[in-house]
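# Architecture at a glance
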Amino acid sequence: MSAPGDLAGLRLARSERGQQEISARQLNLSRPARNLLLIIDPKRSAADWLGMVRGATADDLQQLLADGLVAPWGMPATPAPAAPAAPVPAAALATGRMSLADALLTQSYKLLYERITAEARPQLGLFKGYKLILEVERCSGPEAIRALALQFVEQVRGVHGDTQARALAQRLADPG
């Protein structure tokens, strides 16, 4: 779906509050809105991101803006409310000097496909791992599998904690 004219060419970045929401999951975001929050960065326009996330609408993007989870790139973000320290979200995990989202941009569809399917069952167990593998099979291209990789790291964080999530993130982002 395309963004309204005033949002279409806008470049957005995740705010500090958006980073916290990825880990805390306090807001009742729709699945497309949460997926947008996971993958959005200023490298592409709002219209591009909406086109990449299945089911995402301009309303989802407006909600992220209204909640202060994303902000126009280069403009001050809405300050985050005081909150207890949250674990570092996958998108902020450093792989060298790069975020996980940036590092995944360097990975091919085939490589991510192989790594996610190899890690799914050991990380999530038989049933959840199988479900993730089915989701990998439904990915329509590199952007979709990269978004799924970010979700996978967050899912592992929820099950096993930060240390194991960071290790998985490094394996997914490893250039080798």
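Residues numbered from 1 in each chain as written. Predicted model: local features only at pLDDT ≥ 70, side-chain atom pairs only at ≥ 80, totals over all residues. Heavy atoms only, no water.

It is worth spelling out helix α3 (residues 31-39) at this point. Since the α-helix turns once every 3.6 residues, residues separated by three or four places project in the same direction. Burial runs high along α3: 8 of the 9 residues are buried. Among the residues of α3, Pro32, Ala33, Arg34, Asn35, Leu36, Leu37, Leu38 and Ile39 are the ones counted as buried. On its buried face, α3 is in contact with β1 (12-14), α2 (16-24), α4 (46-52), α5 (58-66), β2 (70-72) and α9 (142-160). (Buried < 20%, exposed > 50% of the residue type's maximum accessible area, 1.4 Å probe, protein only. Helix = DSSP H or I, 4+ residues; strand = E, 2+ residues; numbered from the N terminus. Contact = heavy atoms within 4.5 Å.)

Below, the discussion takes up the packing of aromatic side chains. Tallying each qualifying case throughout the model produces 1 aromatic pair. Here the basic side chain of arginine 44 rests over the ring of tryptophan 49, its NZ or CZ set 5.8 Å away from the ring centre. (Phe/Tyr/Trp six-rings, centres within 6.5 Å; stacked < 30°, edge-to-face > 60°. Lys NZ or Arg CZ within 6 Å of the ring centre and 35° of its normal.)

In this structure the tally under the stated criterion is 6 salt bridges. Here glutamate 143 makes a salt bridge to arginine 44, at a shortest N to O gap of 3.6 Å. Of this pair, glutamate 143 sits in helix α9 while arginine 44 sits in the loop between α3 and α4, and the two are 99 residues apart along the sequence. Take arginine 44: its relative accessible area is 27%, and that puts it in the partly exposed class. Here arginine 157 makes a salt bridge to aspartate 162, at a shortest N to O gap of 2.7 Å. By relative accessible area, which is 8% here, arginine 157 ends up buried. (Salt bridge = Lys/Arg side-chain N within 4 Å of Asp/Glu carboxyl O.)

At arginine 25, a residue that is not glycine, the phi angle is positive and equals roughly 50 degrees. Position of arginine 25 relative to the elements: it lies in the loop between α2 and α3. On the basis of relative accessibility, which here comes to 55%, the residue arginine 25 falls in the exposed class.

Another point: the confidence of the model for the protein chain. Overall, the prediction assigns the protein chain a mean pLDDT of 78, with 80% of residues at 70 or greater. Confidence, read as mean pLDDT per element, is least for strand β3 (residues 94-95) in the protein chain (38) and greatest for helix α7 (residues 109-124) (91). Contacts for the low-pLDDT stretch residues 1-5, under 50 throughout, to residues beyond four places or in other chains number 13 contacts. Taken together, the stretch residues 75-97 has pLDDT below 50 and engages in 48 contacts with residues farther than four places along the chain or on a different chain. (pLDDT = per-residue confidence, 0-100.)

The subject of this paragraph is the packing of α2 against α3. In the contact formed by α2 and α3, the axes pass within 10 Å of each other and the chain directions differ by 120 degrees. In terms of orientation, α2 and α3 fall into the oblique class. As α2 runs across α3, the sense of the crossing is left-handed. Here Gly18, Glu21 and Ile22 of α2 lie close against α3, whose contacting residues are Arg34, Leu37 and Leu38. The residue inventory of the contact of α2 with α3, partitioned by class, reads 3 nonpolar, 1 polar and 2 charged. (Axes fitted to C-alpha atoms, helices over the stretch in contact; angles between N-to-C directions. Parallel < 35°, antiparallel > 145°, perpendicular 65-115°, else oblique. Left-handed = near helix turned anticlockwise from the far one by under 90°. Nonpolar A, V, L, I, M, F, W, Y, C, P; charged D, E, K, R; others polar.)

Turning our eyes to something else, we now look at the side chain of glutamine 123. Along the chain, glutamine 123 turns up in helix α7. One polar contact links glutamine 123 to glutamine 164, side chain to side chain, over a distance of 2.9 Å. Beyond its immediate chain neighbours, meaning those up to four positions away, glutamine 123 contacts Phe152, Val156, His160, Gln164 and Arg171. (Polar contact = N/O pair within 3.5 Å; in protein donor to acceptor, adjacent residues only side chain to side chain.)

Before going further, it helps to examine the nonpolar core. Leu64, Ile116, Phe152 and Leu172 are the most contacted members of the largest nonpolar core, which totals 44 residues. Per element, the largest residue contribution to this core is 8 residues, and it comes from α9. In this view, leucine 64 contacts Leu29, Ala33, Leu36, Leu37, Leu69 and Val70; residues no more than four positions away in its chain are not counted. (Core = buried A, V, L, I, M, F, W, Y, C linked by side-chain atoms within 4.5 Å.)

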